[in-house]
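Geometric and topological summary
The lines below spell out each chain.
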Amino acid sequence: MCGKESLMRVRPVTIPLDTRALHCTGVESAKNPVEKIHSGEVAMRVALLTGGGDCPGLNAVIYAAVKKGINHYGDEFIGFLAGWRGVLDNNWIPLTLDGTDGIQLKGGTILHSSRTNVKKVPGGIEKVQEVLRANGIDALIALGGDDTQSVTLALSEHGIPSVGVPKTIDNDINGTDTTFGFDTAVSIATEAIDRLHTTADAHNRVIVCEVMGRDAGWIAYASGVAGGAHVILVPEKEIDIDHVIALIKYNYDHGKHYAIVVVAEGCHLPEVGQVVNPDAKLDSFGHARLSGIGEALASLIEKKAGYETRSVNLGHTQRGGVPTAYDRTLGQRYGLHAIDMVHEKKWGRIAVLHGLDITDIPIKEAIATNRRLDRRFFDVIADLEAKV
């Protein structure tokens, strides 16, 4: 019978299912968790994974869940690599206090990620059940957006003890006020917009800045307002190109011979709709890769208005690098609540931020719709625009 020291094996680890009987804790540990002297709680063997696009703050969630789980509950942890693909491949690493110390300061995810849809894999749900059983897993914590959580929900409905943590820089998960990673993305985009002002002014140009946001314009809204953009375009409203040109023309007619336009990648151009990468395939959740609306809009502005126009696509720089202090703190609060949800057996639920409180709601409610900008935010944009 192997002990805790086996968790210090060289990483990464891929364990064939036919050797699972030899693996630490085994199936019996899932059935009969060992009582440990930690607040009288039943210790558990918990798995974590990060699915979908990465974002700053993921490591903070992992750090906090592992630290509280070990120190307060006496839990053991493993992390599946590359999201749901790691579960299907039975590919994981141990998560220990020493191994996770300081990761909350880092961007990305130490567990790596992928856009793998278990529901599209023949026998996928059963395969996940088999792998979790083989590794003696008592509970699963899945960090991800609505696509990842749709898999978490399906697993929960099939009796797999699992909870979710909302992750997306788009900030569009229903039922939570803010997702970690959003603040970092907005800070990066705002800094870029600040810099674009000076170069646009120097050359008397219009510069279109494309930011992320498939269905919701939170990043465009927040960075555009903070960065003093003259035009802010979000997916919730179809672009009125005549209004855009009128706003730009106002600048040129009133002594400011340049303009900054911020546009979310998911915005709809008139008669075109969303601009997708023509060479990219749909991902496993059926999403096209959006990219290029900034360039398309810049070309349209120059053609219709006659102003020299350039475009910048910030792309993945928005989700890269270290998280802001806010995202580190928020991520850790989500992680702490997630491990509490596990011990309270709140299966099929996801941690959310309501005001200043971290609580939880059913995953089904969180993924039922996207959280999008409404009239309150449209009014802010309109009130800051020139009156044309």
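Here we summarise the structure given alongside this text. (Residues numbered from 1 in each chain as written. Predicted model: local features only at pLDDT ≥ 70, side-chain atom pairs only at ≥ 80, totals over all residues. Heavy atoms only, no water.)

1. A short note on the pattern of salt bridges
Using the criterion set out here, one finds 13 salt bridges in the structure. Of the charged contacts in the structure, one is a salt bridge between Lys68 and Asp340, with a shortest N-O distance of 2.9 Å. Residue Lys68 is located in helix α2 (residues 58-73), and its partner Asp340 is located in helix α11 (residues 325-343); the two are separated by 272 residues in the primary sequence. The class for Asp340 is buried, based on a relative accessible area of 15%. Residue Glu308 pairs with Arg310 through a salt bridge whose shortest N-O separation is 2.9 Å. What makes Glu308 partly exposed here is its relative accessible area of 33%. Several salt bridges share partner residues, and in doing so they unite Glu344, Lys346, Arg349 and Asp360 into one network. (Salt bridge = Lys/Arg side-chain N within 4 Å of Asp/Glu carboxyl O. Helix = DSSP H or I, 4+ residues; strand = E, 2+ residues; numbered from the N terminus. Buried < 20%, exposed > 50% of the residue type's maximum accessible area, 1.4 Å probe, protein only.)

2. Points about the packing of helix α7 (residues 182-203) against helix α8 (residues 218-226)
As a packed pair, α7 and α8 sit with axes 8 Å apart at the nearest point and diverge in direction by 45°. Compared by their axis directions, α7 and α8 come out oblique. At the point where α7 passes α8, the crossing takes the right-handed sense. For the pair formed by α7 and α8, the contact residues are Phe182, Ala185, Val186, Ala189, Thr190 and Ile193 on the first element and Trp218, Ile219, Ala222, Ser223, Gly224 and Ala226 on the second. Class assignment for the residues of the contact of α7 with α8 results in 9 nonpolar, 3 polar and no charged. (Axes fitted to C-alpha atoms, helices over the stretch in contact; angles between N-to-C directions. Parallel < 35°, antiparallel > 145°, perpendicular 65-115°, else oblique. Left-handed = near helix turned anticlockwise from the far one by under 90°. Contact = heavy atoms within 4.5 Å. Nonpolar A, V, L, I, M, F, W, Y, C, P; charged D, E, K, R; others polar.)

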